[in-house]
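Each chain, written out:
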Amino acid sequence: MKLSQLGEVGLLAELERRGLAQGIENDAAQLGELVVTQDALVEDVHFRLDLIDWRELGYRAAAVNLSDLAASGAEPEALVVTLAIPPETEIGDVLALYEGLNEPGVPVAGGDTSRSERIMLSVTALGRSARVPGRAGAKPGDTLVVTGPLGAAGAAFREGRLARPFLRLEEGRELAAYAHAMLDVSDGLAVDAGHLANRSGVRCVIDLERVPLAEGATVEDLGFGEDFELLAAVEDSGRFAAIGVCEQGEGVEIRLAGQVVPLSGWDHFGGQGGGDLR
């Protein structure tokens with residue numbers, strides 16, 4: 001079997017089944033109050049330099065990791081950065097990259113560099129959280145909420161650019177105090193709701209009419225992913241937009257005008273959803 005057949009979720013499940021990885025069901029690893037997450041951005045897979053400049057690339061690499069800390073209700077403390085890059089790269093471009101990495105205000109505290117034919121930027125983010133909701137605590141009767149509009153990344157990609165992720169660290173800490181489950185929306189609304197449903201043993205029912213759309217976005221853009229808003233299961237929606245409910249059952253049900261409809265998403269090895277470049 002090939003990775004393209006198994007997919008990312010299948011690979012993680014197989015690693016768990018074989019005892020080769022453990023505690024990997026959430027957005028970040030939790031070691032006591034220490035929360036650790038890591039994401040890699042690979043040129044021509046996650047970005048192209050005709051769609052994003054060096055400083056924005058650095059900011060993006062920091063932001064996607066900080067989004068996982070936000071989903072963990074964590075206060076960020078440091079970033080550790082590994083950069084693999086062609087040696088003919090201009091020094092000014094590398095400095096702009098690190099300026100972007102520092103823009104969110106979380107210090108770069110270490111890392112590594114290496115020679116490579118293509119750019120690969122891997123960031124580890126460390127933070128602390130008193131309570132990580134995780135993905136496994138949603139209950140039938142919970143309301144599903146999001147912290148902001150979705151679809152901006154898909155809309156931007158259709159226009160030949162990459163959207164700048166929002167940082168939802170404050171919202172993450174607020175929700176972490178009471179959410180039964182929480183994760184960030186990075187692989188598409190339906191896919192990420194499926195992660196929550198699978199780990200919690202519930203069915204997530206989402207009404208697309210209730211999903212706040214970013215400016216210029218359409219319902220189809222909800223399958224692109226990379227919005228980096230937070231999706232949480234809570235008893236009371238409070239100030240956040242309620243988009244659905246958790247019910248007894250399994251899987252995800254996406255509704256539009258009362259009818260069940262398909263909604264695609266992203267798989268890192270299958271490539272569905274956002275296209276050939278993410």
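Keep in mind that what you see is a predicted model, and the values were worked out from it rather than measured.

Student: What exactly am I supposed to notice about the pairing of strand S9 (residues 230-234) here?
Tutor: Every other side chain in a regular strand lies on the same face of the sheet, so the side chains alternate between the two faces. Judged by how many residues are buried, S9 sits mostly within the fold: five of five residues are covered. Side chains Leu230, Ala232 and Val234 project from S9 onto one buried face, and the interleaved Leu231 and Ala233 project onto a second face that is buried too. Bridge count between strand S7 (residues 181-184) and S9: four bridges; the pairing is antiparallel. Along S9, the bridge assignment pairs methionine 182 with alanine 232.

Student: Any chance you could explain the packing of aromatic side chains here in plain terms?
Tutor: Within a pair of aromatic rings, the relevant descriptors are the distance that separates the centres and the angle that separates the planes. Tallying each qualifying case throughout the model produces one aromatic pair. Residues phenylalanine 157 and phenylalanine 224 carry aromatic rings whose centres are separated by 5.3 Å and whose planes lie at 35° to one another, so their mutual orientation is tilted. With phenylalanine 157 in helix H4 (residues 152-158) and phenylalanine 224 in the loop between strand S8 (203-207) and S9, the pair connects residues that are 67 residues apart, well separated along the chain. Looking at arginine 164, its charged tip hangs above the ring of tyrosine 59, at a distance of 3.8 Å from the centre. Just above the ring of phenylalanine 166 sits the side chain of arginine 168; from NZ or CZ to the centre is 5.0 Å.

Student: I keep staring at the pattern of salt bridges and nothing clicks. Help me out?
Tutor: As a working rule, side chains carrying opposite charge can pair if their charged atoms are close by. Within the structure shown, the criterion is met by 21 salt bridges. Notably, a salt bridge pairs arginine 55 with glutamate 103, separated by 3.5 Å at the nearest N-O pair. One end of the pair, arginine 55, is in helix H2 (residues 54-71); the other, glutamate 103, is in the loop between helix H3 (91-102) and strand S4 (108-115), with 48 residues separating them in the sequence. For glutamate 103, a relative accessible area of 33% corresponds to the partly exposed category.

Student: So what exactly am I meant to see when it comes to the confidence of the model for the chain here?
Tutor: Residues shown with low pLDDT carry predicted positions that ought not to be read at fine detail. Model confidence for the chain is summarised by a mean pLDDT of 93, while 95% of its residues fall at 70 or above. Contacts of residues 271-278 to residues separated by more than four positions or lying in other chains number 29 contacts, the stretch itself having pLDDT below 50.

Student: Got a minute to help me understand unusual backbone geometry in this structure?
Tutor: Most peptide bonds take the trans form, and the phi angle of most residues other than glycine is negative. A positive phi angle, close to 55°, is found at phenylalanine 228, a residue other than glycine. Within the fold, phenylalanine 228 resides in the loop between S8 and S9. For phenylalanine 228, a relative accessible area of 6% translates into the label buried. The phi angle at alanine 257 is positive, at roughly 55°, despite the residue not being glycine.

Student: Looking at this model, I keep getting lost on H2. Mind explaining?
Tutor: Residues spaced three or four apart along an α-helix point in a common direction, a consequence of the helix completing one turn every 3.6 residues. Relative to the 26 Å expected for 18 residues at 1.5 Å per residue, H2 spans 26 Å between its end C-alpha atoms, a close match to the ideal helical length. Burial of H2 is extensive: 16 of the 18 residues sit out of reach of the surface. The opening residue of H2 is aspartate 53, an N-cap whose side-chain oxygen sits 3.3 Å from the backbone nitrogen of arginine 55. Positioned one or two residues after H2, glycine 73 has a phi angle of 65°, which is positive.

Student: Looking at this structure, how should I read the sheet that holds strand S2 (residues 34-42)?
Tutor: Across the sheet, which stays open at both edges, the five strands sit in the order S1-S2-S5-S3-S4 with mixed pairing between neighbours. Both outer strands of the open sheet, strand S1 (29-31) and S4, are each paired with one neighbouring strand and no more. Direction aside, the axes of adjacent strands within the sheet are offset by 15° on average. Where strand S3 (residues 75-85) meets S4, seven bridges bridge the pair, whose relative direction is parallel. Residue pairing in the sheet places isoleucine 85 in a bridge with arginine 115 of S4. Across the sheet, H2 lies against S2, S3 and strand S5 (120-128), angled at about 145° from S2, the strand it touches most.

Student: Teacher, can you tell me more about the pairing of S4 here?
Tutor: Among the eight residues of S4, zero are classified as buried, and the element is accordingly described as predominantly exposed. At this point the chain moves from S3, through H3, to the parallel S4, and the crossover so formed is right-handed.

Student: Even after reading the chapter, I still don't get the environment of alanine 232, so can you show me in this structure?
Tutor: Note on placement: alanine 232 falls in strand S9. By relative accessible area, which is 0% here, alanine 232 ends up buried. Residues alanine 232 and glutamate 253, spaced 21 residues apart in sequence, show a C-alpha to C-alpha distance of 16 Å. Among residues more than four places away in sequence, those in contact with alanine 232 are Thr143, Leu144, Val145, Leu175, Ala179, Ala181 and Met182.

Student: Where do I start with the side chain of threonine 89 in this structure?
Tutor: When you line up the elements, threonine 89 lands in the loop between S3 and H3. In terms of polar contacts, threonine 89 uses its side chain to reach the backbone carbonyl oxygen of proline 86, at 2.7 Å. Those residues within four positions of threonine 89 in sequence are excluded, and the remaining contacts are Trp54 and Val94.

The rules behind the values
Residues numbered from 1 in each chain as written. Predicted model: local features only at pLDDT ≥ 70, side-chain atom pairs only at ≥ 80, totals over all residues. Heavy atoms only, no water. Buried < 20%, exposed > 50% of the residue type's maximum accessible area, 1.4 Å probe, protein only. Helix = DSSP H or I, 4+ residues; strand = E, 2+ residues; numbered from the N terminus. Pairing = 2+ DSSP bridges. Phe/Tyr/Trp six-rings, centres within 6.5 Å; stacked < 30°, edge-to-face > 60°. Lys NZ or Arg CZ within 6 Å of the ring centre and 35° of its normal. Salt bridge = Lys/Arg side-chain N within 4 Å of Asp/Glu carboxyl O. pLDDT = per-residue confidence, 0-100. Contact = heavy atoms within 4.5 Å. Expected span 1.5 Å × (residues − 1). Polar contact = N/O pair within 3.5 Å; in protein donor to acceptor, adjacent residues only side chain to side chain. Axes fitted to C-alpha atoms, helices over the stretch in contact; angles between N-to-C directions. Right-handed = clockwise from strand over helix to strand, strands pointing away.

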